[in-house]
Amino acid sequence: MEKVLDVMMLGRVRFHELTMRGRVVLSQLPFNVTLLLVCLIAAIADPSVFTDVGFLVSQGLALVLLGVCFALPWDRLAYGLFLIIPVLDFAPIGILHYSNEDSLRGLGLLAVFPIMWLAGSGYRPRIMVPVGGVAALLIVWVPLFVDGRATPHTLAAELLIPFMLFTIGLGTSVMTLSAMAQQDRVEELLRRSETRERLLDTVLETVDVGVLVLDAEGQSAFMNPKQRQLYVAAIPDGVPTDKEEELLIFREDSDVPVPPGERVLGRALAGETVEHEVFRLGRGAEARMVSISARGFDDAAGERAGTVLASADVTDVVAAVHARDKFLAAMSHEFRTPLTNILGFAELLQDDSTLSTAAKADLQIMMRNAHHLSHMVEDILAASLTGAEAAAIRLPLDLAELVRQAGDSSGREAAGRAITLRVSTDGPLPILGDRTGLVRVLDNLVSNALKYSQSGTTITLTSSEDGPWAICTVRDEGLGIPPEDLKRVFTRFQRSDAAVRSGIPGTGLGLALAKEVAEQHDGELDCTSEVGVGSVFTLRLPLRTARSRRTAEV
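This one's a predicted model, so the numbers in the text were calculated from it and none came from an experiment.

Things to note about the sheet that holds strand 12 (residues 524-530)
The strand order 8-10-11-13-12 describes an open sheet built from five strands, whose pairing is mixed. The open sheet terminates on both sides in strands that have one partner only, identified here as strand 8 (420-425) and strand 12. Across the sheet, the mean angle separating the axes of adjacent strands is 15° when strand polarity is ignored. In this sheet, strand 13 (residues 534-542) lies alongside strand 11 (residues 469-475) in antiparallel orientation, the contact comprising seven bridges. Across the sheet, valine 474 pairs through a bridge with phenylalanine 537, a residue of strand 13. Against the sheet, helix 13 (residues 399-416) makes contact with strand 8, strand 10 (458-466), strand 11 and strand 13, and its axis sits at roughly 170° relative to strand 8, the strand it touches most.

Have a look at this one:
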């Protein structure tokens, strides 16, 4: 009863939240309250009606029906059976209208209550709405037949009110059905939304990626277990804190905490999108390396709704990469010393006049293979250098001079293989660069051209100036590279199928390292090739004057 009163007073409880008994009682109460008002009006306008049997019977029937609404367990009865109450309501209304119409006008309009109940139930509207209309018509026509006053004129005169009540019922039914359809749609959307929410929660709880969601004010709205685990690693020992600036967050190779303005959270809240930046959370053995990405998202209106941070634990990956690099560096150094000794003693033996021609030929084969192995070791060593180890001092250089030297150093090998090596330079090409790295790039490009060219072909090595760029091209007439292999020609440890089938030795590192060196110099290295025609590798490096102009502009 308390909930029923709350609904009547427009409180927090809604009609659909009531039990079936509560809804039936609430649907009947307005009729009984109105009958109580009729009693009050009658006491003022014509107290004699209280002696009328019809008035008393109608009031008594209405109270009995209200009692039935309270008494019956409607939740356990078949749905729709409750509509017997509004149908029975027409009985007290008809009796009241018949016995007191002369003293109390408009009593027939009380039929609006059962009609609205029948039409508003949404149950069998094509039956209930006509039933209500017919019942309203009988209320006004039956007295005419009982009194013998039924004529076409009197019957027609009483049609207006029943018709009005019928249209009210019809309108109520239309609005109820529309509201029910909308409610079904809303409930379906809510079910879908709840299903998606549960799915999203399950995914976020399951994935091995930390997820943090911040609202528009920057407050934490969601944090999955993995993010909590990573967050704990960044908390200083013995100093519980939830402040971002107090967390132990470092760059990968630094022990100095990242300044608050450079941390991902602050940058993301400022509107910046962060993609896969690596940080170290915490110190010591419990520290974790994480790759963090962050971006904002908007609501349906296009307004900033919040920010999402994703943190992937890459501790094991980073450790594996470092271990690999250390292993490659250690192994390369271990190979370099004996190779240097082999080459040194081989060169001394080459000057020994007592060696036979056959021995000198064998010595040449030994030196050639030792040089090849030395180049491979150099490639592996260069591949193992990362981060600060890969940085080199940039010195003024002439790319044209480096190109001529590369041609001179490879001339003997080209002649020995009956390959013509042409070198063409266009004048000085001043650049700033790492001499060792650039020499390795040029030697690698020429060496590749020689390996993949046949006797009798030509390799052309040129240098020129093109606007702000110093250009070096290496053109051969060799095997060529298929289109599917050309896409990955600069990928580490990748070699074309043609090279593998032909038995040409190599590590698949040279071109990848050459491209990395070019990019370290703010330059480019690309390749065009056609199978059976040859390949062209083009190295572009910024001229020293162009670099200086860009620096001055900055």
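Observations regarding a nonpolar patch on the surface
A surface patch of nonpolar side chains, about 370 Å² in accessible area, is lined by Ile84, Val87, Leu88, Ile127 and Val131. Contributing elements (two or more residues each) for the nonpolar patch: helix 4 (84-100) and helix 6 (125-146). Of the residues forming the nonpolar patch, the biggest block, three residues, is contributed by helix 4. In this fold, isoleucine 127 is placed in helix 6.

Some thoughts on the packing of helix 14 (residues 435-451) against helix 17 (residues 510-520)
Packing of helix 14 against helix 17 leaves a shortest axis separation of 9 Å and a crossing angle of 140°. Helix-helix and strand crossings are classified by hand; for helix 14 and helix 17 the assignment is left-handed. The segment helix 14 lies against helix 17, with Gly437, Leu438, Val441, Asn444, Leu445 and Asn448 engaging Gly510, Leu511, Ala514 and Val517.

What about the packing of aromatic side chains?
One pass over the structure, following the stated rule, counts five aromatic pairs. Geometrically, the ring pair formed by phenylalanine 50 and phenylalanine 55 is edge-to-face, given 5.3 Å between the ring centres and 75° between the ring planes. Here the aromatic rings of tyrosine 79 and tyrosine 123 are separated by 5.7 Å at their centres, their planes lie at 75°, and the arrangement is edge-to-face. Here tyrosine 123 lies in the loop between helix 5 (112-120) and helix 6 and tyrosine 79 lies in the loop between helix 3 (53-71) and helix 4, a separation of 44 residues in the sequence. Residue tyrosine 123 is classed as partly exposed on the basis of its relative accessible area, which comes to 23%. Taken together, Tyr79, Phe82 and Tyr123 form an aromatic cluster joined through their ring pairs. Its end group placed over the ring of phenylalanine 490, lysine 515 keeps NZ or CZ at 4.9 Å from the ring centre.

Some words on the environment of serine 463
Among the structural elements, serine 463 can be located in strand 10. If sequence neighbours within four positions are ignored, serine 463 has contacts with Ala400, Val403, Ser424, Thr425, Asp426, Leu429, Ile471 and Cys472.

Considerations on the side chain of aspartate 476
Its location among the elements puts aspartate 476 in the loop between strand 11 and helix 15 (483-486). It turns out aspartate 476 is buried and unbridged, and the closest side chain with the opposite charge, arginine 475, is 8.9 Å from it. Among the polar contacts listed, one links the side chain of aspartate 476 to the backbone nitrogen of glycine 478, at a separation of 2.9 Å.

Section: the pattern of salt bridges
Counted under the stated rule, the structure contains 16 salt bridges. Where glutamate 188 meets arginine 192, a salt bridge forms, and the shortest distance between an N and an O atom there is 2.7 Å. Of this pair, glutamate 188 and arginine 192 both sit in helix 8 (residues 160-206), four residues apart, roughly one helical turn. You can call arginine 192 partly exposed: its relative accessible area is 39%. As a salt-bridge pair, glutamate 519 and lysine 515 come within 3.9 Å of each other at their nearest N and O atoms. Separated by four residues within a single helix, glutamate 519 and lysine 515 lie in helix 17, roughly one turn from each other. You can call lysine 515 partly exposed: its relative accessible area is 24%. Beyond isolated ion pairs, a larger network of salt bridges with shared partners links Arg251, Glu262, Arg267, Glu272 and Glu277.

Rules used throughout
- Residues numbered from 1 in each chain as written.
- Predicted model: local features only at pLDDT ≥ 70, side-chain atom pairs only at ≥ 80, totals over all residues.
- Heavy atoms only, no water.
- Pairing = 2+ DSSP bridges.
- Helix = DSSP H or I, 4+ residues; strand = E, 2+ residues; numbered from the N terminus.
- Axes fitted to C-alpha atoms, helices over the stretch in contact; angles between N-to-C directions.
- Contact = heavy atoms within 4.5 Å.
- Patch = residues over 30% accessible without salt bridge, like charges linked within 9 Å, V, L, I, M, F, W, Y side chains within 5 Å.
- Areas by Shrake-Rupley, 256 points an atom, 1.4 Å probe, with all protein chains shown as cover.
- Salt bridge = Lys/Arg side-chain N within 4 Å of Asp/Glu carboxyl O.
- Left-handed = near helix turned anticlockwise from the far one by under 90°.
- Phe/Tyr/Trp six-rings, centres within 6.5 Å; stacked < 30°, edge-to-face > 60°.
- Buried < 20%, exposed > 50% of the residue type's maximum accessible area, 1.4 Å probe, protein only.
- Lys NZ or Arg CZ within 6 Å of the ring centre and 35° of its normal.
- Lys, Arg positive; Asp, Glu negative; His and termini not counted.
- Polar contact = N/O pair within 3.5 Å; in protein donor to acceptor, adjacent residues only side chain to side chain.

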